Amino acid sequence: MLGCCLENVRKQVPLIHNITNYVTVNDVANVLLACGGSPIMSDELEDVLEITAICGGLNINIGTLNKRTISAMLAAGKKSNELGHPVLLDPVGAGASKLRTETAISLMKEVRLDVIRGNISEIKTLAQGSGTTKGVDADVADAVTEENLEEAVAFAKSFAGRSGCIVAITGAIDLVADEKTCYVIRNGHPEMGKITGTGCQLSGMMTAYLTANPQNKLEAAAAAVCVMGLAGEIGWSRMQEGDGNATYRNRIIDAIYNMDANTLEKGAKYEVR
Amino acid sequence: MLGCCLENVRKQVPLIHNITNYVTVNDVANVLLACGGSPIMSDELEDVLEITAICGGLNINIGTLNKRTISAMLAAGKKSNELGHPVLLDPVGAGASKLRTETAISLMKEVRLDVIRGNISEIKTLAQGSGTTKGVDADVADAVTEENLEEAVAFAKSFAGRSGCIVAITGAIDLVADEKTCYVIRNGHPEMGKITGTGCQLSGMMTAYLTANPQNKLEAAAAAVCVMGLAGEIGWSRMQEGDGNATYRNRIIDAIYNMDANTLEKGAKYEVR
Amino acid sequence: MLGCCLENVRKQVPLIHNITNYVTVNDVANVLLACGGSPIMSDELEDVLEITAICGGLNINIGTLNKRTISAMLAAGKKSNELGHPVLLDPVGAGASKLRTETAISLMKEVRLDVIRGNISEIKTLAQGSGTTKGVDADVADAVTEENLEEAVAFAKSFAGRSGCIVAITGAIDLVADEKTCYVIRNGHPEMGKITGTGCQLSGMMTAYLTANPQNKLEAAAAAVCVMGLAGEIGWSRMQEGDGNATYRNRIIDAIYNMDANTLEKGAKYEVR
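Notes on the structure in this doc start here. (Residues numbered from 1 in each chain as written. Chains lettered and ligands numbered in written order. Predicted model: local features only at pLDDT ≥ 70, side-chain atom pairs only at ≥ 80, totals over all residues. Heavy atoms only, no water.)

Our focus in this paragraph is the interface of chain B and chain A. Taken together, the contact pairs 29 residues of chain B with 27 residues of chain A. With both chains or domains summed, chain B and chain A bury close to 2300 Å², and 45% of this area falls on carbon and sulfur atoms. Contact with chain A buries area across many residues of chain B, yet B:Tyr22, B:Val23 and B:Asn245 alone supply 24% of it, more than any other trio. Linking chain B with chain A are four salt bridges. B:Asp243 serves as the salt-bridge partner of A:Arg251, at 3.6 Å between the closest nitrogen and oxygen. Inspection of the region where chain B meets chain A yields 21 residue pairs in polar contact (both at pLDDT 80 or more). Elements with a contribution of two residues or more to the side of chain B that touches chain A: helix H5 (98-110) and helix H11 (245-258) of chain B. The element best represented in the side of chain B that touches chain A is H11(B), accounting for five residues. For the side of chain B that touches chain A, the residue count by class is eight nonpolar, twelve polar and nine charged. (Contact = heavy atoms within 4.5 Å. Buried area = accessible area lost by both parts, 1.4 Å probe. Salt bridge = Lys/Arg side-chain N within 4 Å of Asp/Glu carboxyl O. Polar contact = N/O pair within 3.5 Å; in protein donor to acceptor, adjacent residues only side chain to side chain. Helix = DSSP H or I, 4+ residues; strand = E, 2+ residues; numbered from the N terminus. Nonpolar A, V, L, I, M, F, W, Y, C, P; charged D, E, K, R; others polar.)

This next bit is on the sheet that holds strand S4 (residues 87-90) of chain B. Strand pairing in a sheet relies on backbone hydrogen bonds, with the paired strands running either antiparallel or parallel. Residue and element names in this part refer to chain B. Taken in spatial order, the nine strands line up as S2-S1-S3-S4-S5-S6-S7-S8-S9 in an open sheet, and their pairing is mixed. Strand pairing shows two members of the sheet lacking a second neighbour, strand S2 (38-41) and strand S9 (270-272), which therefore form its edges. Neighbour to neighbour, the strand axes of the sheet diverge by 20 degrees on average, direction disregarded. Relative to strand S8 (residues 182-185), strand S7 (residues 174-177) is paired through four bridges, and the arrangement is antiparallel. Of the residues in S8, the one forming a bridge with Val-176 is Tyr-183. (Pairing = 2+ DSSP bridges. Axes fitted to C-alpha atoms, helices over the stretch in contact; angles between N-to-C directions.)

The transformation that overlays chain B on chain A combines an axial shift of 0.0 Å with a rotation of 120 degrees, and the residual RMSD is 0.0 Å. Here the transformation between the copies is reduced to the relation of a three-fold axis. Minimal C-alpha separation from the rotation axis in chain B is found for B:Tyr22, amounting to 3.6 Å. Interface residue correspondence from chain B to chain A reaches only 14%, placing this contact among heterologous pairings that use different surfaces. (Least-squares fit on C-alpha atoms with pLDDT ≥ 70 in both.)

The subject of this paragraph is the interface of chain A and chain C. Contacts between the two partners involve 29 residues from chain A and, on the opposite side, 27 residues from chain C. Taken over both partners, the interface formed by chain A and chain C buries close to 2400 Å², and the fraction arising from carbon and sulfur atoms is 45%. For the chain A face of the interface with chain C, the top three residues by lost area are A:Tyr22, A:Val23 and A:Asn245, together amounting to 24%. One can count four salt bridges joining chain A with chain C. Per-element accounting of the side of chain A that touches chain C gives the leading share, five residues, to helix H11 (residues 245-258) of chain A. Looking at the side of chain A that touches chain C residue by residue, the classes come out as eight nonpolar, twelve polar and nine charged.

Written out as structure tokens, the structure reads:
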């Protein structure tokens, strides 16, 4: 199933419109190419409607948000909705500033999102901001661990149900959930946190997976998480003495480039809850 | 001749002003350094006139166009014209949106461009947009192949004649033409398309070649295309098992860094038509 | 002492707010992670006050200055002052345009800067622009060499005294000075100049060093310069045939990632004047 999702990306070469931050944008583009997709970047209001229309999916990332691009995000999101394209939101830094939190919530309200992908703090912020201020959400600890896993899974499903989106929470343990089903994924390597933008890269790749697998979005999102984590493991296994995070960054993208269905099926470590 | 163009860049270290997209800008800067030039980036209207004045050439790339930078592009272009600096236009995405197409056409009208470098679709858009909507232009297939080569060469020369620019169309086969002469270049490797921004990188490097070879702009543009393609071949030959597009990107820039006149003369695969 | 500064960064993982250019921003982020810090980028006026407040230090770099971000720089700088956070200014291109020079001077006037880090031309511009138009400043040659070293040290101390900042002038020989003391540092490798943004990277890392060593800012700034230069030496020693500036860029960041106190203490080449 996961391998099939990967092969659909390579076969269909989905064109993905990215409105993303300028910190990690080059890596997002190269990861999209590595996984079999094709990237376009455009963030100007006058430009985004036409660009979104020629693409298959939309990746919105608020990492270096500015006032000019917010209206472009909303317009592109609505247009993608009209066209039936998958839309992913990466709410980078939601909770760290009012502008980021409010923009993410405004995107949730005005655009029908297929997936929200972030770390647990960002996702908790959105879960609380969109209505509940108490309850299970606020009690979920800031990292998903084996100890609080059951609670975290329940939180992910609950937020997925309320928001109507697939919720992907990435960290040491990754969760990809809709209202009923949650993939718990244990691929990856701790040093991935020493590379800027592995989350942004995943969001770009996940949008390609959603676009190429419209009938199986939950599996597609989980497959993208497994690919990223497994690439982190393969990349780390190729590190040599003296290598550091710059080389590791390249090795991970290289591993995505070389990933095939068989490697993914064998290497993916997940359970469904 | 091509080797001489290369050596002029290394001797003169031309300073190039780049108004370019934020996706591939870092690679453009490193490629300019690799080939022997020196990069400056500036896209603010209040800043560009002085920056252009201290540079030797101007590279305009509309890859992540926004309203703020369009006026800076026009102003810098006109100033470069006043100063006799070469100006290159990379019309990224012309044809994909009205803003991009119109901006490219407006730059063609208001600035005297030395070179327009793009893929065949972008160049066709500009050829049609600037007056002709029928004729040879629209009949050129979207990829230059051995089968349609003669037609494509005629199109490149014709558009070069009408526009008064050198026209560089890059793809599997590259064409670099003025009204009378067309270099047909067969360097490169298909996997270069799996790296974001090899076109942008080439535009940056080509501007340095134009600047250091003001008396031989056609040859200089062709030389830059050969360097890029040959670097793609050399970079590919150094790839090892497990390497992918991230490593390939680095290997290509490394090969540009190490390119010398002799390697270029021996490795360049071109004919003049 | 230098090793202690390094270890404080690794222990404290300072979060650094960067308002920086889009050319080298990805490398700045990866260098901050490599040295043990953590990066956040934000340049929108409505966003920066909250982002600065959750950080420990602020790195302002005017490399691709635009009108929108100038007010964000000023606001973030003042907020950091209020909070007692270290602030570093990297005046990229000061002297090359009026906008850059005036913005840098305005930041010097309105924000209490802990460090100004630039090349000798940028620093000379600021020294002259802030009052003196004649005198020792204007006579300092444009590169710091063994021949003019004494004069350059006197200039650095004098400007540090007048501006109330630590002044870090980087080049073949690096100077890090307050009013009374100047570190003269001879680490590094000439080919570092063939990589875009090693100065920007150093500014990011230096801000992390300042933040983690608030009682020893002069030593911290000097330590960061030594780390960068030593990483340039170590990175170069790992270069293989066919490698160039792209691989060198990665090797330097890798060397920062692997740097420890012992390596730094043994490899740092400096004298105090």
